Amino acid sequence: MSMTDVLSADDIKKAVGAFAAADSFNHKKFFELVGLKKKSHDDVKKVFHILDKDQSGYIEEDELKFVLKGFTAEGRDLSDKETKAFLAAGDKDGDGKIGVDEFTTLVAES
């Protein structure tokens, strides 16, 4: 499954382009622009599983760094500061990673 099976290619391009500048990433705005906010709970879970590259059931910090590339190969890497802020926003239980329930909550709160 690819991201374009769940989200529109145009929305992905627009959302990733909006955060092309270093240290400009905002997960709330990104989820809105990419159309994830309007998707069903099941579709949000599908996106989580695409981003969970090692299929561990969690999105760890090293996977978060490449989150924009998970949406499109043209995406940039997040800076360490952006990655840590994104992790802090999503990691509700403090275990250093984002589980599927934490991810769906993060998207819903955006």
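These numbers come from a predicted model, not from an experiment. (Residues numbered from 1 in each chain as written. Predicted model: local features only at pLDDT ≥ 70, side-chain atom pairs only at ≥ 80, totals over all residues. Heavy atoms only, no water.)

### Structural notes on unusual backbone geometry
Thinking step 1. Non-glycine residue Asp 23 carries a positive phi angle of around 60 degrees.
Thinking step 2. Examined against the element boundaries, Asp 23 turns out to sit in the loop between helix H1 (9-18) and helix H2 (27-33).
Thinking step 3. In this structure, Gln 55 is a non-glycine residue whose phi angle is positive, near 55 degrees.
Thinking step 4. Position of Gln 55 relative to the elements: it lies in the loop between helix H3 (41-51) and strand S1 (58-60).
Thinking step 5. Exposure remark for Gln 55: the relative accessible area of 54% places this residue in the exposed category. (Helix = DSSP H or I, 4+ residues; strand = E, 2+ residues; numbered from the N terminus. Buried < 20%, exposed > 50% of the residue type's maximum accessible area, 1.4 Å probe, protein only.)

### As for the UniProt feature "binding site: Ca(2+) 1" (unreviewed entry) in the chain
Thinking step 1. Mapped onto this structure's residue numbering, the UniProt feature "binding site: Ca(2+) 1" (unreviewed entry) falls at Asp 52, Asp 54, Ser 56, Tyr 58 and Glu 63.
Thinking step 2. The residue Asp 52 is located in the loop between H3 and S1 in this model.
Thinking step 3. Setting aside its immediate chain neighbours within four residues, Asp 52 contacts Gly 57, Tyr 58, Ile 59 and Glu 63.
Thinking step 4. Of note, Glu 63 is situated in helix H4 (residues 61-64).
Thinking step 5. Taking relative accessible area as the criterion, Glu 63 reaches 9% and is therefore assigned buried. (UniProt positions renumbered as here; feature names shortened; annotations may be inferred. Contact = heavy atoms within 4.5 Å.)

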